[in-house]
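# Residue-level structure breakdown
Residue-level listing of the chains:
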Amino acid sequence: MTQPREDQKSPVQCACVKDPFALLPPEMRPREGKKSSLRQVTCPGCGLTFWTNRETDYCMECEKRMTK
């Protein structure tokens, strides 16, 4: 077993540090999850519960019926 040379020692981090990934290079740090633009709504016309990114709460079928 070889010992690291004096100039090759890895930096020592205090146990009280809040970010355990601070010493890692940016490409190795875990990424934060992306926030979804989707929201779950219940259609006021038929009661269907679905996920959408549209501004209206109506499902596609009820919206088609409203425009006719």
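Keep in mind that this is a model prediction, so the values were computed, not measured. (Residues numbered from 1 in each chain as written. Predicted model: local features only at pLDDT ≥ 70, side-chain atom pairs only at ≥ 80, totals over all residues. Heavy atoms only, no water.)

### Notes on the overall build of the protein chain
- Within the protein chain, the regular secondary structure consists of one helix and two strands.
- Each helix and strand of the protein chain, placed in order from N terminus to C terminus, yields the pattern β-β-α.
- In the protein chain, buried positions account for 9% of the 68 residues.
- Counted over contacts in the protein chain with a minimum sequence separation of 6, partners at least 24 positions apart contribute 0%.
- Per element, the accessible surface of the protein chain, about 6,700 Å² overall, is 54% carbon and sulfur. (Helix = DSSP H or I, 4+ residues; strand = E, 2+ residues; numbered from the N terminus. Buried < 20%, exposed > 50% of the residue type's maximum accessible area, 1.4 Å probe, protein only. Contact = heavy atoms within 4.5 Å. Areas by Shrake-Rupley, 256 points an atom, 1.4 Å probe, with all protein chains shown as cover.)

### Description of the nonpolar core
- Core analysis: the largest hydrophobic core is formed by five residues, namely Val 41, Cys 43, Phe 50, Cys 59 and Cys 62.
- Ignoring sequence-local partners within four residues, the contact set of Cys 43 consists of Leu 48, Phe 50, Asp 57, Tyr 58, Cys 59 and Cys 62. (Core = buried A, V, L, I, M, F, W, Y, C linked by side-chain atoms within 4.5 Å.)

### Considerations on the side chain of Thr 52
- Note on placement: Thr 52 falls in strand β2 (residues 49-52).
- There is a polar contact of 3.0 Å between the side chain of Thr 52 and the backbone nitrogen of Arg 54.
- Among all residues touching Thr 52, those that are not within four sequence positions of it are Ser 37, Leu 38, Arg 39 and Val 41. (Polar contact = N/O pair within 3.5 Å; in protein donor to acceptor, adjacent residues only side chain to side chain.)

### Description of the pairing of β2
- Of the two faces of β2, only one is covered, namely that formed by Phe 50 and Thr 52; the face formed by Thr 49 and Trp 51 stays uncovered.
- Remark: six residues form the turn of the hairpin made by strand β1 (residues 39-42) and β2, two consecutive strands paired antiparallel; Gly 47 in that turn has positive phi of roughly 85°. (Pairing = 2+ DSSP bridges.)

### Quick word on the pairing of β1
- Pairing of β1 with β2 involves four bridges; the strand directions are antiparallel. Each bridged residue has a counterpart across the sheet, and for Thr 42 the counterpart in β2 is Thr 49.

### Considerations on the confidence of the model for the protein chain
- With 76% of its residues at a pLDDT of 70 or more, the protein chain shows a mean pLDDT of 82.
- The element-level mean pLDDT for the protein chain is lowest in helix α1 (residues 60-67), coming to 91, with β2 highest at 96. (pLDDT = per-residue confidence, 0-100.)

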